[in-house]
Amino acid sequence: MDEGVVIIGAGPVGAALARALRGRSVALLARARHAPRPPASGSFDSRVYALTPGNVAFLESIGAWRAIPESRRTPVRAMQVAGDDGASRIEFDAYRAGVPALAWIVEDAVLQDALWQGLEATVAEPEEIRFSEKSVTVRSRDGGSLEARLVVGADGADSLVRRAAGIATKESDYGQAAVVANFRAEKTHRGTAFQWFRGGAVLALLPLPEDQVSMVWSLPAAEAKRVLQLAPDALCREVELASRGAVGRLELPAAPRSYPLRRLSARQLVAPRAALVGDAAHVIHPLAGQGLNLGLQDVRELAAILAGCDERGDPGDLRLLRRYERARAEPILAMNIAVDGLFTLFKGESRTLARLRNAGLNLVDRVPVLKNMLIRQAMN
């Protein structure tokens, strides 16, 4: 089969790109035929995303946002970030910033189900990618093959596309794991997202419908293992203590999950007839909740550039692809610096560093212009 573009990886980033390029000669290569179905009413996927308004607008433009039931998307009206001294904090408020919402919380399974509606994908396990001057050939384990002018790697941190294109990476281990779980909360969250920095550990409680909250707790690996092994009641009590009772007593309806945290940065985003998007290009710490947002911003930029290439043009032309790389270089670098800077700042144990970071939170909280600037920057 010959295509203009073949996308490998059909998670949220790959599926979003396929939708954005509909109407062109595009093939989506997936490992599974369907996205995971949304959980039943009253239960929620433990993996959730905080989508920026800019990315929500993009999902609207490709017809995916309207496919998400209103009952499964939660606006973040406010955000409270607390330091590790128990008193320092910064608060963001959508109303005061003059925006409808700071972000929208959506479950992974619900988002994928919406993105897959109307999509057709070739189900296969890619095994080999070969590049030539004018085309790229993707061979799968079942013996099938696809030939295209451009291959896009949306295939995650262990990207086959990235390796086949010879793109090097810079990788490091944060030495942490994220524990994720959903809770029923005694107190209403009122659309507020909470976050606590505690000596390297980062606890976030994100609002879900029906006064449930989704937890992402980034902990040193050994501590994450201990927390994961706690009995449900014991875990609830520990999270209540760490969250300072922000949403009252907690109940755990389903077992928590955990995954290791690492940082990855591709040395380049493109190569002849290849481009990387999402986790194939960059993986960052979840403390800012920006992993998928960065990936969707990649999609937006790449789709816009490819839209300028008509069907007779060559979407794998390296000069064209480098426009995408240049456009994404600064935003990705800025996010990496910000996230790694926050991680380093709050991981430090010296009293001087503790006073500095907590004073910084209080200072920013007292300067409305600076807070609004941060909000606007985070809404892309």
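Residues numbered from 1 in each chain as written. Predicted model: local features only at pLDDT ≥ 70, side-chain atom pairs only at ≥ 80, totals over all residues. Heavy atoms only, no water.

Visitor: Account for the pairing of strand S15 (residues 212-220), with residues named and values stated.
Guide: Judged by how many residues are buried, S15 sits mostly within the fold: eight of nine residues are covered. Examined bridge by bridge, strand S12 (residues 169-185) and S15 share nine bridges and lie antiparallel to one another. The partner of phenylalanine 183 across the bridge, within S15, is valine 213. Pairing between strand S14 (residues 201-207) and S15: six bridges, direction antiparallel. (Buried < 20%, exposed > 50% of the residue type's maximum accessible area, 1.4 Å probe, protein only. Helix = DSSP H or I, 4+ residues; strand = E, 2+ residues; numbered from the N terminus. Pairing = 2+ DSSP bridges.)

Visitor: Please set out the side chain of asparagine 55 residue by residue, giving values where relevant.
Guide: Its location among the elements puts asparagine 55 in helix H2 (residues 53-61). With residues near it in sequence (within four places) discarded, asparagine 55 still touches Asn293, Leu296, Gln297, Arg300 and Asn380. (Contact = heavy atoms within 4.5 Å.)

Visitor: Just give me the short version of unusual backbone geometry, but keep the residues and values in it.
Guide: A positive phi is found at glutamate 210, a non-glycine position, where the angle reads about 60°. As for its placement among the helices and strands, glutamate 210 is situated in the loop between S14 and S15. Unlike most non-glycine residues, arginine 273 shows phi in positive territory, near 70°. In this fold, arginine 273 is placed in the loop between strand S18 (270-271) and strand S19 (274-276). Accessibility expressed as a relative area gives 7% for arginine 273, which makes it buried.

Visitor: So what about the sheet that holds strand S3 (residues 48-51)? Which residues, and what values?
Guide: Spatial ordering of the open sheet is given by S3-S7-S4, a layout of three strands whose pairing is antiparallel. Since the sheet does not close on itself, it has two edges, and those belong to S3 and strand S4 (73-76), each with one partner. Neighbour-to-neighbour, the strand axes of the sheet open up by a mean angle of 25°, direction not taken into account. Judged from the four bridges that link them, S3 and strand S7 (residues 103-107) form a sheet pairing that is antiparallel. Within S7, the residue paired with tyrosine 49 across the bridge is valine 106. (Axes fitted to C-alpha atoms, helices over the stretch in contact; angles between N-to-C directions.)

Visitor: How would you explain the layout of surface pockets if you had to name every residue and give the values?
Guide: Computed from the structure, the second largest pocket encloses a volume of approximately 370 Å³. Along its surface, the second largest pocket is lined by 17 residues, and Ser265, Ala266, Ile332, Leu333 and Asn336 are the ones closest to its centre. Looking at the lining of the second largest pocket, the elements that each hand over two or more residues are strand S17 (257-266) and helix H9 (318-347). When residues in the lining of the second largest pocket are grouped by element, the largest group, eight residues, is from H9. Taken together, the residues of the lining of the second largest pocket break down into seven nonpolar, four polar and six charged. (1 Å grid on protein atoms, 1.4 Å probe; cavity = no way out; pocket = protein on both sides within 12 Å on 5 of 7 lines; lining within 4 Å. Points joined across faces, edges and corners; volume = space filled by probe spheres on them. Nonpolar A, V, L, I, M, F, W, Y, C, P; charged D, E, K, R; others polar.)

Visitor: Which residues make up the side chain of serine 46, and what are the values?
Guide: Tracing the sequence through the fold places serine 46 in the loop between strand S2 (26-30) and S3. Residue serine 46 is classed as buried on the basis of its relative accessible area of 13%. A distance of 2.8 Å separates the side chain of serine 46 from the side chain of arginine 257, its partner in a polar contact. For serine 46, the residues in contact, after removing those within four places along its chain, are Val180, Ala181, Asn182, Ser214 and Arg257. (Polar contact = N/O pair within 3.5 Å; in protein donor to acceptor, adjacent residues only side chain to side chain.)

Visitor: Can you break down the pairing of strand S5 (residues 78-82) residue by residue, with the values?
Guide: Bridge analysis of S5 against strand S6 (residues 89-93) gives five bridges, and the strand direction is antiparallel. The partner of alanine 82 across the bridge, within S6, is arginine 89.

Visitor: I'd like a rundown of the packing of helix H1 (residues 12-20) against helix H8 (residues 291-307), residues and numbers included.
Guide: Relative orientation of the contacting elements H1 and H8 amounts to 25°, with a least axis distance of 9 Å. Compared by their axis directions, H1 and H8 come out roughly parallel. As H1 runs across H8, the sense of the crossing is right-handed. Of the residues in H8, those touching H1 at Pro12, Val13, Ala16, Leu17 and Ala20 are Leu292, Gly295, Leu296, Val299, Leu302 and Ala303. Residue classes in the contact of H1 with H8 are distributed as 10 nonpolar, one polar and no charged. (Parallel < 35°, antiparallel > 145°, perpendicular 65-115°, else oblique. Left-handed = near helix turned anticlockwise from the far one by under 90°.)

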